[in-house]
Amino acid sequence: MRISRSLALPAAAMALALTLTACGSGNSGDDSADSAPAGTVVTDMFGEVEVPANPQRVVALGWSDAETALALGVQPVGASDWLGVGGNGLGPWVTEKYDTDPTILATYDIDVESVAALAPDLILWTRSTNDKAVYDQLSDIAPTVAAPPGTDVAYGTTWDGQTEIVAEALGKVDEGKKLIDDTKAKFADTVAANPEFAGKTVAVGTLYSGQSGAYVRGDTRVDFLEALGLTNTPAIQDLAQPGKFSVDLSEENIAKLDADLTVMFPIGSGPEVITESPLIQGLPSARDGRLVVLGDLDLSNAFSAASVAGTRYALDNAVPLFAAPLKA
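As the structure is a prediction and not an experimental result, all values here were calculated from the model.

K.L.:
Now, about the environment of L283: what can you tell me, with residues and values included?
P.N.:
If you trace the backbone, L283 turns up in the loop between α11 (278–281) and α12 (284–287). Overall, L283 belongs to the buried group, its relative accessible area being 4%. Contact partners of L283, with chain neighbours within four places excluded, come to I254, A255, L257 and D258.

Printed below as a string of structure tokens:
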């Protein structure tokens, strides 16, 4: 059953819930429940969530939630493969490994029964559509942590915001702070090494199913580049709509992708859809060698992942490509 339909827990999950309830109510002479470690209250965009201490069965449904949990030393029992990398859903930019691969779950069209069958004690959904109806149905299965407060764009959770709220939910606050501090230090070193980014404009675009699009603030790729000192070109940013991280571009508007630096990558096809496009190649930035096409799928995926691991990989491998034409 998909998330768009009414919630109905499978019999196995319901039986498990009843068994746990029975066990809990049968220990009338045992005060172990009173001495159990207290849980944590996490505040997400929808309010306060009571999560258990030291959750053991974590289901990571949001984009990069599984990567983030793994980086904090917690191995989810279920995870979504947002980038379609196959296998256990982890891209090659992730150095941590699973002891036991998680059950791979759907991304956009969440299967409630599959989630409930895993009997989670915590669901992570921190980078997603931010759909309250979906959130409520997931919360009926287990405590669910959504995007941080103030997130007003679908999939708009930042790499550090995701790390912080997932760390809080998992009881790994110190570990999360170290990941964030170390990554911010890497950003600072990268900015210092590339002063040519300061004051330059950038446009980030894509081609998918024959449609051109561009990204605006609130999208991880634009936020990444602006953190390096670049500025999203006003020609694109002025098209931004509330709650949206991207805009579609007609053929007549392709020229808006021109900037001091134009970064593009394909979705669902090879880089030739960009490198062989007369419209794209006719941009002044393309003619002057200031168009960077991320044709390497691993690199474009890491650039899009909005995780600590993906961000660090992009800093090491994408930034030199962005800097080269601006240093020429």
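K.L.:
For the nonpolar core, give the residues involved together with the corresponding values.
P.N.:
L61, V145, F224, L225, F303 and F322 are the most contacted members of the largest nonpolar core, which has 59 residues in total. Here the element with the most residues in this core is helix α6 (residues 159–170); it accounts for six residues. Listed in part, the 16 residues of the second largest apolar core include V216, L249, I280 and L283.

K.L.:
Please set out the confidence of the model for the chain residue by residue, giving values where relevant.
P.N.:
Considering every residue of the chain, the mean pLDDT works out to 88; 88% of them sit at 70 or more. Low pLDDT (under 50) marks residues 1–36, which in the prediction has 32 contacts with non-local residues, meaning those over four places away or in another chain.

K.L.:
A description of the pattern of salt bridges should follow, citing residues and the corresponding values.
P.N.:
With the rule as written, the count across this model stands at nine salt bridges. With a closest N to O distance of 2.7 Å, K177 and D181 form a salt bridge. One end of the pair is K177 and the other is D181, both in helix α7 (residues 173–193) and four residues apart, which spans about a single turn. For D181, a relative accessible area of 36% gives the class partly exposed. One salt bridge connects R221 with D219, and the closest N-O pair in it is separated by 2.6 Å. When sorted by exposure, R221 lands in the same class as D219, which is buried.

K.L.:
Hey, could you go over the side chain of T107 for me, with residue numbers and the actual values?
P.N.:
Mapping T107 onto the fold places it in the loop between β5 (103–105) and α4 (112–117). In this structure T107 comes out as buried when scored by relative accessible area, which is 19%. In contact with T107, not counting residues within four places along its chain, are S80, D81 and W82.

K.L.:
Give me the lowdown on the sheet that holds strand β3 (residues 58–60), citing residues and values where you can.
P.N.:
In space, the five strands of this open sheet follow the order β5-β4-β3-β6-β7, with parallel pairing throughout. Two strands in the sheet have a free side with no partner beyond their single neighbour: β5 and β7 (144–145). Each of β3, β6 (122–124) and β7 is contacted by α6, which is oriented at about 175° to β6, the strand it contacts most.

K.L.:
Explain unusual backbone geometry to me, using residue names and the numbers behind them.
P.N.:
For N54, which is not a glycine, the phi torsion comes out positive at approximately 50°. Along the chain, the position of N54 falls in the loop between β2 (47–51) and β3. Despite not being glycine, Y155 shows a phi value in the positive range, around 60°. By the element assignment, Y155 lies in the loop between β7 and α6.

K.L.:
A description of the pairing of strand β9 (residues 211–215) should follow, citing residues and the corresponding values.
P.N.:
Among the five residues in β9, four count as buried, and that is most of the element. The pairing of strand β8 (residues 201–208) with β9 spans four bridges and is classified as antiparallel. From the neighbouring strand, L207 faces β9, where its bridge partner is S212. Relative to strand β11 (residues 246–249), β9 is paired through four bridges, and the arrangement is antiparallel. Paired with Y215 across the two strands is S246, which belongs to β11.

K.L.:
I'd love a proper account of helix α8 (residues 220–227), names of residues and values included.
P.N.:
Taken together, the buried positions of α8 are occupied by T220, R221, V222, F224 and L225. The positive-phi residue at the C-terminal boundary of α8 is G229, with phi of around 110°.

K.L.:
How would you sum up the side chain of D81? Please name residues and give values.
P.N.:
Within the secondary structure, D81 is located in the loop between β4 (78–80) and β5. Within the buried core, D81 has no salt-bridge partner, and the shortest N-O distance to an opposite charge, that of R127, equals 12 Å. A distance of 3.2 Å separates the side chain of D81 from the backbone nitrogen of G84, its partner in a polar contact. Setting aside anything within four residues of it in sequence, one finds D81 in contact with G86, G89, I104, L105 and T107.

What counts and how
Sequence positions are assigned chain by chain, starting from 1 and proceeding in written order. For a predicted model such as this one, the threshold for reporting local features is a pLDDT of at least 70, and the threshold for listing and counting side-chain atom pairs is 80 or more; totals across whole chains, interfaces and linings nevertheless cover every residue. Values shown for side chains rest on all heavy atoms present in the structure; no hydrogens or waters enter the calculation. The numbering of helices and of strands both runs from the N terminus, where a helix is a DSSP run of H or I of at least 4 residues and a strand a run of E of at least 2. Residue burial is assigned from relative accessible area. The probe radius is 1.4 Å, only protein chains are included, and a residue is buried under 20% of its type maximum, exposed over 50%, and partly exposed in between. Here a residue-residue contact requires only that any non-hydrogen atoms of the pair lie within 4.5 Å. Joining through side-chain atoms within 4.5 Å is the link that ties buried Ala, Val, Leu, Ile, Met, Phe, Trp, Tyr and Cys residues into a set, and such a set is a nonpolar core. Per-residue confidence from the predictor is reported as pLDDT, a score between 0 and 100. Whenever Lys or Arg places a side-chain nitrogen within 4 Å of a carboxyl oxygen from Asp or Glu, that contact is recorded as a salt bridge. In short, DSSP must find at least two bridges between two strands for them to pair. Convention adopted: a line fitted to C-alpha atoms gives each axis, helices being fitted over their contacting stretch, and angles between N-to-C directions are expressed from 0 to 180 degrees. Charge convention: Lys and Arg are scored as positive, Asp and Glu as negative, and His as well as the terminal groups of each chain are ignored. We call two N or O atoms a polar contact when they sit within 3.5 Å, provided that within protein one can donate a hydrogen and the other can accept it, with sequence-adjacent residues counted only if both atoms are side-chain atoms.

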